[in-house]
There are 2 protein chains.
Amino acid sequence: MPETLICSLDPDAKTSLQMQIRQIFVEAILKRVLQPGDKLPSSRTLSDQLSVSRNTVNLAYQALMDSEYIEAKPRSGYVVSASAPVGRLETADLDTLEKRQDDIVDWQAKLIAPPQSLRQVQKPLNWREYEFPFVYGQTDSTLFAHSQWRDCSRQALGLRDFSNTVGDFGLSDDPMLVNYICSRSLPRRGIQVQSEQMLVTLGAQNALYLVAQLLINSDKTVILEDPAYPDVRDIVSRRTDKIETLPVDEEGMVLDEAVLSRADIVCITPSHQCPTTTTMSLRRRHDLLALAQKYDFLILEDDYEFEMNFIEKPSPALKSLDKTGHVIYVGSLSKSLFPGLRLGYLVGSHSLISEARKLRHLILRHPPGHTQRTAAYFLALGHYEAQLRRLRRHLATRREVLQSALEQQPLFEQIASHFGGTSFWIKGPDWLDSRILAERAAEQGVLIEAGDVFFASDNPPLNYFRIAYSSIDSEKIPEGINRLSALLHDMAEASPPA
Amino acid sequence: MPETLICSLDPDAKTSLQMQIRQIFVEAILKRVLQPGDKLPSSRTLSDQLSVSRNTVNLAYQALMDSEYIEAKPRSGYVVSASAPVGRLETADLDTLEKRQDDIVDWQAKLIAPPQSLRQVQKPLNWREYEFPFVYGQTDSTLFAHSQWRDCSRQALGLRDFSNTVGDFGLSDDPMLVNYICSRSLPRRGIQVQSEQMLVTLGAQNALYLVAQLLINSDKTVILEDPAYPDVRDIVSRRTDKIETLPVDEEGMVLDEAVLSRADIVCITPSHQCPTTTTMSLRRRHDLLALAQKYDFLILEDDYEFEMNFIEKPSPALKSLDKTGHVIYVGSLSKSLFPGLRLGYLVGSHSLISEARKLRHLILRHPPGHTQRTAAYFLALGHYEAQLRRLRRHLATRREVLQSALEQQPLFEQIASHFGGTSFWIKGPDWLDSRILAERAAEQGVLIEAGDVFFASDNPPLNYFRIAYSSIDSEKIPEGINRLSALLHDMAEASPPA
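Residues numbered from 1 in each chain as written. Chains lettered and ligands numbered in written order. Predicted model: local features only at pLDDT ≥ 70, side-chain atom pairs only at ≥ 80, totals over all residues. Heavy atoms only, no water.

K.L.:
Just checking my understanding: could you explain the state of the cysteines for this structure?
P.N.:
Disulfides are covalent bonds that link the sulfur atoms of two cysteine residues. Residues and elements named next belong to chain B. Tallying each qualifying case throughout the model produces 0 disulfides over all chains. This cysteine, cysteine 182, is not joined by any disulfide, and cysteine 152 carries the nearest cysteine sulfur, 20 Å off. Since its relative accessible area comes to 11%, cysteine 182 is described here as buried. Unpaired in terms of disulfides, cysteine 274 finds its nearest cysteine sulfur in cysteine 267, a separation of 12 Å. For cysteine 274, a relative accessible area of 6% corresponds to the buried category. (Disulfide = S-S within 2.5 Å. Buried < 20%, exposed > 50% of the residue type's maximum accessible area, 1.4 Å probe, protein only.)

K.L.:
Quick question: what am I supposed to make of the relation of the copies chain B and chain A here?
P.N.:
In this structure, two copies of a chain are linked by a rotation about an axis accompanied by a shift along it. Between the two copies, chain B and chain A, the superposition gives an RMSD of 0.1 Å; the rotation angle is 180° and the shift along the axis is 0.0 Å. Given the turn and translation reported, the copies of this chain are related as if by a two-fold rotation axis. Among all residues of chain B, the one whose C-alpha sits closest to the rotation axis is arginine 154 of chain B, at a distance of 3.6 Å. Most of the interface of chain B is mirrored in chain A, where 99% of its interface residues again form contacts. (Least-squares fit on C-alpha atoms with pLDDT ≥ 70 in both. Contact = heavy atoms within 4.5 Å.)

K.L.:
Explain unusual backbone geometry to me, please; I cannot follow it from the model alone.
P.N.:
Trans peptide bonds make up most of the peptide bonds, and negative phi angles are found at most residues other than glycine. Backbone torsion omega between aspartate 226 of chain B and proline 227 of chain B reads 5°, so that peptide bond is classified as cis. Inspection of the secondary structure assignment puts proline 227 of chain B in the loop between β5 (222-226) and α10 (230-237). With phi around 60°, arginine 342 of chain A is a residue other than glycine that occupies positive phi space. You can see arginine 342 of chain A is positioned in the loop between β10 (327-332) and β11 (344-347). (Helix = DSSP H or I, 4+ residues; strand = E, 2+ residues; numbered from the N terminus.)

K.L.:
For this particular structure, what's the right way to read helix α8 (residues 175-188) of chain A?
P.N.:
Owing to its 3.6 residues per turn, the α-helix brings residues three or four apart onto one side. Here α8 of chain A contains 14 residues, and its C-alpha end-to-end distance of 19 Å stays within 8% of the 20 Å for a straight helix at 1.5 Å per residue. In α8 of chain A, a bend of some 35° at isoleucine 181 of chain A exceeds every other bend along the element. Along α8 of chain A, the positions that sit buried rather than exposed are Met176, Leu177, Val178, Tyr180, Ile181, Cys182, Arg184, Ser185, Leu186, Pro187 and Arg188 of chain A. Where α8 of chain A is buried, its residues touch β4 (198-201), β10, β11, α15 (369-380) and α16 (383-407) of chain A together with α1 (17-30) of chain B. With its phi angle positive at about 80°, glycine 190 of chain A sits one or two positions after the end of α8 of chain A. (Expected span 1.5 Å × (residues − 1). Bend = angle between axes of the 7 residues up to and from the residue.)

K.L.:
Which parts of the structure should I look at to understand the pairing of strand β1 (residues 70-73) of chain A?
P.N.:
Regular strands place side chains that alternate from one sheet face to the opposite one. Residues and elements named next belong to chain A. Two elements, β1 and strand β2 (residues 77-80), share 4 bridges in a ladder whose sense is antiparallel. Among the inter-strand pairings, isoleucine 70 is bridged to a residue of β2, identified as valine 80. Taking the residues between adjacent antiparallel strands as the criterion, β1 and β2 are bridged by 3 residues, where arginine 75 takes a positive phi near 65°. (Pairing = 2+ DSSP bridges.)

K.L.:
So what exactly am I meant to see when it comes to the interface of chain B and chain A here?
P.N.:
By a widespread convention, an interface's size corresponds to the accessible area lost as its parts come together. Listed as interface residues are 141 residues of chain B and, on the opposing side, 140 residues of chain A. Each partner contributes to the roughly 12,400 Å² buried at the junction of chain B and chain A, and carbon and sulfur atoms together form 55% of this total. Where chain B packs against chain A, one counts 4 salt bridges. Here aspartate 296 of chain A and lysine 110 of chain B are joined by a salt bridge, their closest N and O atoms 3.3 Å apart. Our count for the contact surface shared by chain B and chain A stands at 39 residue pairs in polar contact (both at pLDDT 80 or more). With 9 residues, the top contributor of residues to the side of chain B that touches chain A is helix α14 (residues 350-364) of chain B. (Buried area = accessible area lost by both parts, 1.4 Å probe. Salt bridge = Lys/Arg side-chain N within 4 Å of Asp/Glu carboxyl O. Polar contact = N/O pair within 3.5 Å; in protein donor to acceptor, adjacent residues only side chain to side chain.)

K.L.:
Hey, could you run me through the sheet that holds strand β7 (residues 252-253) of chain B in this one?
P.N.:
All names here are of chain B. In spatial order, the strands read β4-β11-β10-β9-β8-β5-β6-β7; together these 8 strands make up an open sheet with mixed pairing. For this open sheet the edge positions go to β4 (198-201) and β7, each flanked by a neighbour on one side alone. Across 3 bridges, the pairing between β5 and strand β8 (residues 265-268) is parallel. When the sheet's bridge partners are listed, leucine 224 is paired in β8 with cysteine 267. Relative to strand β10 (residues 327-332), helix α9 (residues 204-215) is tilted by about 155°, and along the sheet it contacts β4, β8, β9 (298-302), β10 and β11 (344-347). (Axes fitted to C-alpha atoms, helices over the stretch in contact; angles between N-to-C directions.)

K.L.:
What should I look at first to understand the layout of surface pockets in this one?
P.N.:
The method is simple in principle: a probe with the dimensions of a water molecule rolls over the atoms, and the space it marks as empty is what remains. Taken as a whole, the largest pocket holds about 780 Å³ of empty space. As for the largest pocket, its lining consists of 30 residues, and the residues nearest its centre are Gln213, Arg238 and Arg239 of chain A together with Gln213 and Arg239 of chain B. If you list the elements that add at least two residues to the lining of the largest pocket, you get α9 (204-215) and α14 (350-364) of chain A together with α9 and α14 of chain B. Split by residue class, the lining of the largest pocket holds 16 nonpolar, 8 polar and 6 charged. (1 Å grid on protein atoms, 1.4 Å probe; cavity = no way out; pocket = protein on both sides within 12 Å on 5 of 7 lines; lining within 4 Å. Points joined across faces, edges and corners; volume = space filled by probe spheres on them. Nonpolar A, V, L, I, M, F, W, Y, C, P; charged D, E, K, R; others polar.)

K.L.:
Looking at this structure, how should I read the packing of helix α6 (residues 146-156) of chain A against α15 of chain A?
P.N.:
For any two helices packed against each other, one specifies the inter-axial angle together with the distance between the axes. Residues and elements named next belong to chain A. Running from amino to carboxyl end, α6 crosses α15 at an angle of 125°, the nearest separation of the two axes being 8 Å. The angle between α6 and α15 places the two elements in the oblique class. Regarding α6 and α15, the two cross each other, and that crossing is right-handed. Facing Gln148, Trp149, Cys152, Ser153, Gln155 and Ala156 of α6, the residues of α15 in contact are His370, Arg373, Thr374, Ala375, Tyr377 and Phe378. Taken together, the residues of the contact of α6 with α15 sort by class into 6 nonpolar, 5 polar and 1 charged. (Parallel < 35°, antiparallel > 145°, perpendicular 65-115°, else oblique. Left-handed = near helix turned anticlockwise from the far one by under 90°.)

K.L.:
I'm lost on the domain arrangement of chain A in this one. Help?
P.N.:
On domain assignment, one finds that chain A holds domain 1 (17-80), domain 2 (127-142 + 386-494) and domain 3 (145-381). Between the C-alpha centres of domain 1 of chain A and domain 3 of chain A there is a distance of 51 Å. (Domains from an automatic or database assignment.)

K.L.:
How should the pattern of salt bridges be read in this particular structure?
P.N.:
When the charged atoms of two side chains lie near each other, side chains of opposite charge can form a pair. Residues and elements named next belong to chain A. In this structure the tally under the stated criterion is 46 salt bridges over all chains. The shortest N-O distance in the salt bridge between glutamate 251 and arginine 283 comes to 3.1 Å. Taken together, the positions of glutamate 251 in the loop between β6 (243-249) and β7 (252-253) and arginine 283 in helix α12 (residues 282-295) put the pair 32 residues apart, joining distant regions of the chain. One salt bridge connects arginine 483 with glutamate 479, and the closest N-O pair in it is separated by 3.0 Å. Remark: glutamate 479 and arginine 483 occur in helix α18 (residues 477-494); sequence separation between them is 4 residues, near one turn of the helix. Judged by relative accessible area, which is 24%, arginine 483 ranks as partly exposed.

Below you can see the structure in the form of C-alpha cells.
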C-alpha cells in the first residue's frame, strides 16, 4: 500500500468513519495513486491501522465494490478494479493560474450597475453554537418532525415517483404540491383559486423578485412600509428610484392617501408586519383595498408567517377580501418547515401568473422536483398540520416566558403583537446603539438582531432590535434576557443618557 | 363511521395503499367529518371493506397515532385524538370567488413588457409513455444510480447534517459541494479556481440568467450562435435588442471579425455546440480568445454537456485557455445527474462572482441545502464517477446503433460530431417541415424534436431536427428510426420535392 494512503480518520468529522474510508480510496483511485490491480490492505490490517472496527472497513469495501472501484480476487483479497474510474485531472497549469490572477478585465466598467451593497440582517452561520440564539427565521431542530420529513423525502425518491422528481417540468410544477396548496393551505387564508393562478417559487423571496421584474420599471412608484424587510427594499430599488415609505403603527401601515394616490405598487406584510409584528386592522384593510380600486394600484401581500399565529383567531389574508384582483399574494413554507427548503408560492390573476411562469422558466426553470414532492407528501400525510400544532404550542410557551422576562426590564419597550409569530420588536432607550449591544451580547453567547437595517433611511434610528424565540429553548430565555439587560445597564452607565 | 368515509382505494394510484388510508382519515379529521373521540373502524373491518391486508391498515393507524391524529383507547379501539389538528377552512365565499373572476385590473397595462412568448423545445411531460422517446436532456432511469442517490439523500438529511441542509445559508453555499466542484469537476476541465470564484446556481440556466442581468443592458451588443439554445436567446432578448448571430460550421462558431468587433458579450457552447453538437477547434478557440482581448469583449461559455463525451479525449474548456479573465464559465449537473435536480455553477472573476452572489440572494437566496449536500455526497463517495462511466458506456453503444440506423436512411443527413454527447442534429430534405414530421411521429410513438426553435430567424429553416439517445434503449433505436423513415417517405410521396 502506497505511503500516501497512510492517513488517519477524523472522529469529529461530519462524515462517518465508513464514508471517510471510502473517500480515501476513491480519491486515491481517481488520482491514480492506486492503479488497477493494486492490492488493498486486508480489512484486519486497515482496521488496526485506523483503529476502527473491522465491520466498518468491511462496509466501506462492500460499498466500493458496489460502485466498481474495487473487486474481490480469490486468494488476493481486494484489488482496484480493472475498470475503475480514473480522474482525468489535467496537470495543474500553475503558470496559467498565476497569470490569471492578473485579471485584465475592468469589471467595474463591464458591470451595468455599480457594486450593490445588501443591507442584510446580521446572523452568523454558526448561530447554533451560541448559547442564547434569539435569531429569527431559523429552524429549531428540536421542534421539526425530522423523521417524518425523511420518510417523505425517501418516498419522493422512490421508483414510483422517479419520473416526477428527476425530470424537467418545463413550465409546470409538481401537480401534487399545487393541489395541496390550493386545496388546503390557501383556503385556510380564505383564498380560493384555481391551480393556474398559483406558481411554486424558490421561496417567498423568489416570488417577490418575479413580481418586481414583471411590474416595476423606473417609471413606477412603489410604496414600502418603514421599517420593512430589507431584501424587499433591495429588490425594488434595483428596478426604480421612485420609492416612498409609509410608517407603521399598531394597526399596521398608516394609510396616507396623498402618498398612496401616487402608488403603482404597495408592498405590505399585513398579517404580521415585518419587523414590528403588528397586524393590520380589518378596518384599515378595507380602506387600503378601497384606495387600491380608487387609484388602481396593485398590492403585493407578503403573508410570510401566517401559520405561526397562535394567540387570536387568524385574520384572513388581504387577498381574501380582494374582489377586484388588485392583490398579489405571496406565501412561504420557510417558517413552518425550514428556510433551506426554499419553497414559496405566488398567487394572482391568470395574466400575471402566466407571465411569472415564463419568467421563472428563464430564471431557474422550476424548483427542484424532489423538494416539491417531499413537501407534497408532508402536507398530504398530515405531518404539516401536526408540525404546525407542535410549533404553535412551543412558541406560545416561549412567547409567554419571553414576555414576562422582558416586562421585568424597564429599559425595553416592546411593541405588543396580538398575533403570535416568532419575535418581538424592541425599542431600547433613545441613546442605545443596538449594533453595539448586539456585538457585546454575542460575546456573551446572546444573539439578537440590530434593527437599523430594517429602516429605509440612511440615517436610521439605532435603538430598535429584534428578539426571536423560534430557535431558543424556553429555559434559556430568562438568562439570555438577564445578560442582555445587564449589558444594557453597563452601557447606560458608560454613556449615560443625555 | 360516517358514510362519507366509505370509499375505495385506487390500486393504480401513485400513492401506496397505506398512504391512501392515512390520507382518507387525515382529510376527514381536518374537515371535521370525524370529530375528536369518534371511533375508527377496527383494522379487521376496514381491511375487509377496502380489500387490503390488515397489516396495511395497522401500519396506517400506527402512523396516524405517531402524528397524534388518533389514539388507542382501551376497550374502544382507535378514536380520533382529542388534540387532533383541525383544518381551519373558512367557509368558501362563493360570491367573492365568482366576482373575482371579473378581474377588473388591466394586466396588459400593468405589465411592464408585453406578454412574452417563449420558443421552447416541444417535449411532452409524459414522454416516458412513448415507445421511442428520442427526447433530449431527460434522465434515463435505467442508467441512473438511483439507490446510491437515495443513500446520499438520506445521509444529507441525517441529524448530523441537519443544520447544514435546513438552514438559511445567507450568501454562502454548501462548502462540501463547493469544495468538490472546485477540486474535482473543474480541474478535469483544466480550470483551477478558488472557491470564491465559483457560485452554485439553480441549474446552468440560472447561471446564464445571472450573467445577463449583471452584464447586459440595452446598450450592449450580444453575439449568439445560430442555431442556438432557445432559452439563452430569450434571456438575452429581455435585456437588449442588439443581438447579432454568427453561423456554426464543423469547427464551431464562425469567427467573423467584423461582427465580433462590435461585441460586448459572446455566448457560446464550444465543447459541444447546442444543437449541432460540433466541437470548436483548438485553433478557433485561440483565435476567439485573441479577439476577446483585442476588442475587450466577454465570452460566456456554456459547458453544459462536457461530461457526456466518450469518443475522443475531451478538449479542455475555453476557460482553461483564458489568461485574461474574459471567459465566464457555466457548468451543469443536469445532464450527468438529472435535470429536476436544478444544480449548476458559475465560474468567473472575483468581482463578477461577488455581484452574482448578491443578485442570486435577491432572486432566490440559494439552491436548497439538501439538494446541495446530496450532490456533494454523491460526488464525494465516488458515485458520480461511476455514474459517468456507466452513462458513457451506454451512450457509446446507443450512438453506434443510432448512427448505423441513420446511415441506412439516405433522406437524413447528420452533422457528425467528434465528441459524443447525447444527440444527433439531423438535416432532412429541403422540402421537409420537421414540425409536421414530429407531430406524425409522435402519433406512432416516436418523439423527436423539431429544429426550428433553435434558429434566430423568424423564418427559420424547417428541415432540421434533433434526435437524442439519452433516454431510449439501444434495442428500440432501429425500429424508431424505421418508423421515422417510413413517415418521411410517405411525406415525400404526398408532397414531392419541388
